Amino acid sequence: MRKSSKENIIVVCTIVLCFMLTIGLCSVFSGDGILSVVSFGKSESEDVYAVAVGGYTDMTLARATADLIKGRGGAGYIVDGDTIEIIYAVYYDEDTAKSVQAALGESGTYVKQISIKSSKLKWAGDLKSAVQAALEYYKLAFDGLYETANNLSDSTIEKQDAITQIQVLTSQIEDIKAVFYQKAADSDSPQITEVKLALITAIALLQNIKRSDNTAQFVSSIRYALVQLVMCRQALNIS
């Protein structure tokens with residue numbers, strides 16, 4: 001029996017925690033030059049949009065297709081729900097995702113919204129500002145990975161530059177984690193624990209990006225981590 005989509009997300013997050021706890025089409029995935037990207041800071045919503053292909057009932061075929069997508073710089077992230085679907089990449093806004101979908105010119109692709117619930121953090125009490133600061137890890141990681149993947153696929157930066165950017169990003173989130181752990185040291189709230197696990201997961205995702213000598217594979221690994229980041233943020237239960 002295949003796992004549900006929600007179970008699949010939980011498994012992905014658990015696997016990541018256990019570790020601590022061709023190029024032309026790559027540029028199409030980036031969406032650069034098609035439409036300007038919308039910053040999270042300009043919207044109250046954290047929803048993102050994925051270019052995906054679905055309808056698979058056979059996991060072997062889905063994995064083969066995912067490998068082809070990865071070989072061209074896409075995430076190739078498999079979501080095993082009622083039917084199997086594969087995510088090419090995620091984008092800030094629907095218009096950019098639709099433009100990329102059209103540029104791909106592949107039948108069966110579609111744009112899906114990945115909704116992330118907002119929380120007023122009423123449960124946080126005196127720790128509300130600390131939680132808000134900790135949750136900035138998501139925007140920081142998304143922005144950093146998105147930009148790095150696009151710039152690497154467009155040859156705007158070299159592989160070593162991408163590695164350095166990922167290392168800096170990892171260090172920044174580790175700093176956020178250290179500050180939050182200190183401020184929340186006396187709290188045993190389940191929501192606080194969720195935020196702590198989210199920070200650990202984000203760091204693990206960054207550390208497990210494969211620094212391949214092959215540019216398309218490197219870009220694919222970054223985009224795969226980006227999809228994982230979104231899915232794990234969506235699963236974060238802090239309402």
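Now for a quick tour of the structure. Since we're looking at a predicted model, the values are computed, not measured. Numbering of residues starts from 1 in every chain and runs along the sequence as written. In view of the model being predicted, local features appear only for residues whose pLDDT reaches at least 70, and side-chain atom pairs are presented and counted only at 80 or more, with totals across whole chains, interfaces and linings using the full set of residues. Excluding hydrogens and water, the side-chain values take into account all heavy atoms of the structure.

With respect to the pairing of strand S2 (residues 77-80)
Exposure classes here rest on a 1.4 Å probe applied to the protein chains alone. A residue is buried below 20% of its type maximum, exposed above 50%, and partly exposed in between. A run of H or I in DSSP counts as a helix once it spans at least four residues, and a run of E counts as a strand once it spans at least two, with each numbered from the N terminus. In S2, alternate side chains face the same way, and those of Tyr-77 and Val-79 on one face and Ile-78 and Asp-80 on the other are all buried. The sheet contact formed by S2 and strand S3 (residues 84-91) spans 4 bridges and is antiparallel. Note that in S3 the partner of Tyr-77 across the bridge is Ile-87. Taken together, S2 and the strand that follows it, S3, pair antiparallel across an intervening segment of 3 residues. One bridge is not enough; two strands pair if DSSP finds at least two bridges between them.

A closer look at helix H7 (residues 159-183)
Between the first and last C-alpha of H7 there are 37 Å, a value that for 25 residues agrees with the 36 Å anticipated at 1.5 Å per step. Residues of H7 that are buried include every one of Ala-162, Ile-163, Ile-166, Leu-169, Thr-170, Ile-173, Ile-176 and Phe-180, and no others. In what follows, a contact means two residues having at least one pair of non-hydrogen atoms within 4.5 Å. On its buried face, H7 is in contact with helix H5 (128-134), helix H6 (136-153), helix H8 (190-207) and helix H9 (215-235). Each residue after the first adds 1.5 Å to the expected span of a helix.

Side note on the packing of aromatic side chains
Any Phe, Tyr or Trp ring, taking Trp's six-membered ring, that has another such ring centre within 6.5 Å forms a pair; planes under 30 degrees apart are called stacked, those over 60 apart edge-to-face, and the others tilted. Across all of its chains, the model carries 7 aromatic pairs by this definition. With a centroid separation of 6.2 Å and 85° between ring planes, the pair formed by Tyr-91 and Tyr-146 is classed as edge-to-face. With Tyr-91 in strand S3 and Tyr-146 in helix H6, this pair connects stretches of sequence that are 55 residues apart. The two residues Tyr-91 and Tyr-146 agree in class, both being buried. Pairing Tyr-92 with Tyr-146 gives two aromatic rings, centres 4.7 Å apart and planes at 55°, and the pair type is tilted.

Quick look at the sheet that holds S2
Through backbone hydrogen bonds, the strands of a sheet pair up, either in parallel or in antiparallel fashion. With antiparallel pairing, the 4 strands of this open sheet are ordered in space as S2-S3-S1-S4. Sheet topology places S2 and strand S4 (109-114) at the edges, where each strand pairs with a single neighbour. Ignoring strand direction, the axes of neighbouring strands in this sheet form an average angle of 40°. Orientation is described by lines fitted to C-alpha atoms, with helices fitted over the stretch in contact, and by angles between N-to-C directions that extend from 0 to 180 degrees.

Concerning the packing of H7 against H8
Two numbers describe how H7 lies on H8: the axes approach to 9 Å, and their chain directions differ by 160°. Classified by the angle their axes make, H7 and H8 are roughly antiparallel. You can see that H7 and H8 cross each other, and the crossing is left-handed. Residue-level inspection shows Ile-166, Leu-169, Thr-170, Ile-173, Glu-174, Ile-176, Lys-177, Phe-180 and Tyr-181 of H7 in contact with H8, the latter providing Ile-192, Val-195, Lys-196, Leu-199, Ile-200, Ala-202, Ile-203, Leu-206 and Gln-207. Note that Gly is not counted as nonpolar here; it falls among the polar residues with everything else outside the nonpolar set of Ala, Val, Leu, Ile, Met, Phe, Trp, Tyr, Cys and Pro and the charged set of Asp, Glu, Lys and Arg. When the residues that make up the contact of H7 with H8 are grouped by side-chain class, the tally is 13 nonpolar, 2 polar and 3 charged. Put simply, angles under 35 degrees are roughly parallel, angles over 145 are roughly antiparallel, angles from 65 to 115 are roughly perpendicular, and the rest are oblique. Crossing handedness is defined as follows: a turn of the near helix away from the far one that is anticlockwise and smaller than a right angle gives a left-handed crossing, while the clockwise case is right-handed.

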